[in-house]
Amino acid sequence: MLQVLAVLAVLVLVVLTLAYIFQRRLIYLPSSGPVPAAATVLPGARDVVLETADGLELGAWYVPATGADLGVSVLVAHGNAGDRSTRAPLAEALRARGMSVLLLDYRGYGGNPGDPTEEGLALDVRAARSYLVDDLGVPPERLVYFGESLGAAVVTELATEHPPGGLLLRSPFTELADVAAEHYAFLPVRLLLKDRYPVAERIRRVRVPTVVVYGTADSIVPTEQSRTVARVAGGPVTSVEQPGADHNDATLLDGPRLVDATARLCARVAG
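Bear in mind the structure is a predicted one, so any value in this text is a computation, not a measurement.

1. Points about the pattern of salt bridges
One side chain can pair with another of opposite charge once the charged atoms of both are near each other.
Thought 1: What the rule picks out here adds up to 14 salt bridges.
Thought 2: We note a salt bridge from Arg227 to Glu224, for which the minimum N-O separation is 3.6 Å. Remark: Glu224 and Arg227 occur in helix α9 (residues 223–232); sequence separation between them is 3 residues, near one turn of the helix.
Thought 3: Here Arg227 falls in the partly exposed class, since its relative accessible area comes to 30%.

Structure follows, in structure tokens:
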């Protein structure tokens with residue numbers, strides 16, 4: 001019996017060790033191939049380079065407005081999978097409504113150098129904001145941060161230090177550990193996680209107009225977590241609930257209610 005317990009203890013230790021070492025491979029799921037030139041996907045868009053504070057050069061796409069220009073720019077921080085090319089339909093829909101869009105790719109995504117971490121993504125989104133504000137001259141109060149899922153955590157952290165004109169969070173979680181506990185209940189995730197992304201804690205300090213969009217059938221981020229984020233946000237909040245929508249359904253990627261919610265927020269920011 002003691003030998004069996006000893007073997008089980010070793011197995012548990014191995015599992016925990018592997019989970020700790022390889023956890024970021026489960027969190028960050030970048031596409032592996034190169035991203036096409038922006039103009040070949042979105043006519044009029046251009047490839048830009050973002051320079052991070054730790055010396056990385058990241059590829060991104062800038063997509064100018066084609067509709068009646070609102071004079072508002074939307075910084076899009078995508079979720080934990082894919083790259084900027086998969087957000088092209090969203091950018092196309094937003095620019096047709098008069099918004100200019102910057103599609104950010106994090107380190108390690110879309111052919112970019114580096115490895116993604118919470119600290120690294122915070123530097124990446126700051127480089128994106130710097131490009132809009134310092135290089136293009138966009139007034140900070142004319143910026144809207146748009147974050148989807150993991151990206152919602154990234155832009156919320158940015159908003160605590162550099163408040164935008166408005167904030168849109170799509171399917172946000174309360175904290176990364178809360179999501180991990182839903183999917184890996186057999187692991188002590190709160191002890192193992194290196195990256196935390198405490199969205200609910202940080203959003204309390206953000207006072208700008210905020211829109212929270214989420215589906216009621218989300219199988220990745222429990223709906224109640226998104227509702228909690230909306231409930232504790234420090235600024236005026238609008239919730240947009242999509243009945244029956246799962247985390248990666250088209251309606252939550254670039255559907256009409258998401259686009260309309262973004263356009264209304266940008267119109268409010270534009271005054």
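2. Topic: the pairing of strand β9 (residues 210–215)
Thought 1: Of all 6 residues in β9, 6 are buried; the element is thus mostly enclosed.
Thought 2: Of the two faces of β9, the one lined by Thr210, Val212 and Tyr214 and the one lined by Val211, Val213 and Gly215 are each fully buried.
Thought 3: As judged from the 6 bridges shared by β9 and strand β10 (residues 237–242), these two strands associate in the parallel manner. Paired with Val212 across the two strands is Ser239, which belongs to β10.
Thought 4: Of the crossover connections in this fold, the one passing from β9 over α9 to the parallel β10 is right-handed.

3. Some words on helix α4 (residues 118–135)
Thought 1: The end-to-end C-alpha distance of α4, which contains 18 residues, comes to 25 Å, matching closely the 26 Å that a straight helix rising 1.5 Å per residue would cover.
Thought 2: For α4, the buried fraction is high: 13 of the 18 residues fall into the buried class.
Thought 3: Where α4 ends, the next residue or the one after it, Gly137, has phi of about 75 degrees, a positive value.

4. A few points about the environment of Arg227
Thought 1: As for Arg227 and Val211, which are separated by 16 residues in sequence, their C-alpha atoms are 11 Å apart.
Thought 2: Look past the residues within four positions of Arg227 in its chain and what remains in contact with it is Tyr214, Thr216 and Glu241.

5. A short note on the packing of aromatic side chains
Thought 1: Under the criterion given, the structure shown has 2 aromatic pairs.
Thought 2: With centroids separated by 6.4 Å and ring planes inclined at 65 degrees, the aromatic side chains of Tyr62 and Tyr131 adopt a geometry described as edge-to-face. Here Tyr62, found in strand β3 (residues 57–63), pairs with Tyr131, found in helix α4; they are 69 residues apart in sequence, far enough to count as distant.
Thought 3: Between Tyr106 and Tyr109 the ring centres are 5.5 Å apart and the planes differ by 85 degrees, which places this aromatic pair in the edge-to-face class.
Thought 4: Tyr106 sits in the buried class, given a relative accessible area of 0%.

6. What about a negative patch on the surface?
Thought 1: Together, Glu51, Glu57, Asp134 and Asp135 line one region of the surface with negative charge.
Thought 2: Positionally, Glu57 belongs in strand β3.

7. Some words on the pairing of strand β7 (residues 143–148)
Thought 1: Burial runs high along β7: 6 of the 6 residues are buried.
Thought 2: Of the two faces of β7, the one lined by Leu143, Tyr145 and Gly147 and the one lined by Val144, Phe146 and Glu148 are each fully buried.
Thought 3: Relative to strand β8 (residues 166–170), β7 runs parallel, the two being bridged by 5 bridges. Within β8, the position partnered with Phe146 by the bridge is Leu168.
Thought 4: In this region the chain leaves β7, passes through helix α5 (residues 150–161) and returns to the parallel neighbour β8; the handedness of that crossover is right-handed.

Thresholds applied
- Residues numbered from 1 in each chain as written.
- Predicted model: local features only at pLDDT ≥ 70, side-chain atom pairs only at ≥ 80, totals over all residues.
- Heavy atoms only, no water.
- Salt bridge = Lys/Arg side-chain N within 4 Å of Asp/Glu carboxyl O.
- Helix = DSSP H or I, 4+ residues; strand = E, 2+ residues; numbered from the N terminus.
- Buried < 20%, exposed > 50% of the residue type's maximum accessible area, 1.4 Å probe, protein only.
- Pairing = 2+ DSSP bridges.
- Right-handed = clockwise from strand over helix to strand, strands pointing away.
- Expected span 1.5 Å × (residues − 1).
- Contact = heavy atoms within 4.5 Å.
- Phe/Tyr/Trp six-rings, centres within 6.5 Å; stacked < 30°, edge-to-face > 60°.
- Patch = residues over 30% accessible without salt bridge, like charges linked within 9 Å, V, L, I, M, F, W, Y side chains within 5 Å.
- Areas by Shrake-Rupley, 256 points an atom, 1.4 Å probe, with all protein chains shown as cover.
- Lys, Arg positive; Asp, Glu negative; His and termini not counted.
- Charge placed at Lys NZ, Arg CZ, Asp CG, Glu CD.

Spatial relationships are all this shows, so hold off on functional conclusions.
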